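The chain contents come next:
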Amino acid sequence: MIRQLTEKDRDSVLEFAGDRPAENLFILGDIEAFGIESDSVTLWGDYDEQGNLLSILLRYLENFIPYAQNSDVLDGKAWADVMLKSGKLKHLSGLQNLVEKIVPYIETSVQKKKLCYYAKRDVQLPLDKEQMRGDVKMLFPEEAEKVVQLRNSIFTGYTERSETLRKNMDKGVSRTYYIERNNEPVSSVSTAAETKGAAMIVGVCTKKEYEHQGFATSCLIKTLSALSAEHKQPCLFYDNPAAGRIYQKLGFEAIEKWMMVNY
């Protein structure tokens, strides 16, 4: 039985999804930020006859994310019906083995489909801080424009605005570490969607002329150290095998693949 959830269901949902904080970073983060009943977020649960929660589906704006502890019990057709009836489906994302159970039942043209590796790092894993350069700085919110300009010069199609980054830093859901040369950032690493138990690593970049000097690794180690002190599990996406090898050296292990579908 599927029903829309309310704030009365918060504890049971957090317990259900909280067993895998990295995998459910976006679900948990949206609940922490917006609650279960808001204009931005809607949450549904599928229960068995005994009242046990089998799977959940979260809507944030026009993006839907499913989760089930056991993929065998996720009812793909039922969740597809919920999304289509909402009239708000533009994006579907989540762990590949869950999303793939839903996609066949959505009779809407797929505009784009992307698959990324999803990796996480054990909070208790030690860090080799001797690899870290001594000139890593923490970005202040009022300095957001500096890092946005750096990313614009490196990433194709980068669209984040400095105001958005600054607001996320002010809210405590994002932080950035960077290295600069000639008073300009040349390498940086940020977090996004930080929750009480996890954080997404994003924006790992270095200007071409400063590559292979350990700049990004230093920023990563500084970031991981800060997260570890707060008992937050770091996770990240990557689709570049070369980048994957760098992350693996720092202790990241692939969870499974993350699928994003645009309609």
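As the structure is a computational prediction, the values presented were derived from the model and not from experiment.

Cut-offs applied
- Residues numbered from 1 in each chain as written.
- Predicted model: local features only at pLDDT ≥ 70, side-chain atom pairs only at ≥ 80, totals over all residues.
- Heavy atoms only, no water.
- Phe/Tyr/Trp six-rings, centres within 6.5 Å; stacked < 30°, edge-to-face > 60°.
- Helix = DSSP H or I, 4+ residues; strand = E, 2+ residues; numbered from the N terminus.
- Buried < 20%, exposed > 50% of the residue type's maximum accessible area, 1.4 Å probe, protein only.
- Axes fitted to C-alpha atoms, helices over the stretch in contact; angles between N-to-C directions.
- Parallel < 35°, antiparallel > 145°, perpendicular 65-115°, else oblique.
- Left-handed = near helix turned anticlockwise from the far one by under 90°.
- Contact = heavy atoms within 4.5 Å.
- Nonpolar A, V, L, I, M, F, W, Y, C, P; charged D, E, K, R; others polar.
- 1 Å grid on protein atoms, 1.4 Å probe; cavity = no way out; pocket = protein on both sides within 12 Å on 5 of 7 lines; lining within 4 Å.
- Points joined across faces, edges and corners; volume = space filled by probe spheres on them.

Student: I'd like to hear about the packing of aromatic side chains, residue by residue, with values.
Tutor: The relative placement of two aromatic rings is captured by the distance of their centres and the angle of their planes. Taken as a whole, this structure holds 13 aromatic pairs when the rule is applied. Ring plane angle 20 degrees and centroid distance 6.2 Å describe the contact between Trp44 and Phe64, whose orientation is recorded as stacked. Of this pair, Trp44 sits in strand E2 (residues 41-47) while Phe64 is found in strand E4 (residues 63-68), placing the two residues 20 residues apart along the sequence. A single burial state applies to Trp44 and to Phe64, both of which are buried.

Student: Before we move on, can you summarise the packing of helix H5 (residues 144-154) against helix H6 (residues 162-171) with the specific residues and values?
Tutor: Direction vectors running N to C along H5 and H6 enclose 130 degrees, while the axes themselves pass 9 Å from each other. On the basis of their axis angle, the class for H5 and H6 is oblique. As H5 runs across H6, the sense of the crossing is right-handed. Facing H5, whose interface residues are Ala144, Glu145, Val148 and Arg151, H6 presents Ser162, Leu165 and Arg166. Looking at side-chain class alone, the contact of H5 with H6 contains 3 nonpolar, 1 polar and 3 charged residues.

Student: Tell me about the side chain of Thr195, and please be specific about residues and values.
Tutor: Secondary-structure assignment places Thr195 in the loop between strand E9 (184-192) and strand E10 (198-206). The exposure class assigned to Thr195 is buried, which follows from its relative accessible area of 3%. Ignoring sequence-local partners within four residues, the contact set of Thr195 consists of Leu25, Leu28, Gly29, Glu32 and Lys232.

Student: Account for empty space enclosed by the protein, with residues named and values stated.
Tutor: This model, assessed by the stated rule, comprises 1 cavity of 30 Å³ or more. As a volume, the largest cavity reaches approximately 50 Å³. If you go around the largest cavity, the residues you meet are Glu23, Asn24, Phe26, Ile27, Ile65, Pro66, Tyr67, Gly94, Leu95, Leu98 and Trp258. For the lining of the largest cavity, the secondary structure elements donating two or more residues are helix H2 (25-34), E4 and strand E5 (91-95). When residues of the lining of the largest cavity are assigned to their parent elements, the largest contribution, 3 residues, is made by E4. Its residues placed into classes, the lining of the largest cavity shows 8 nonpolar, 2 polar and 1 charged.

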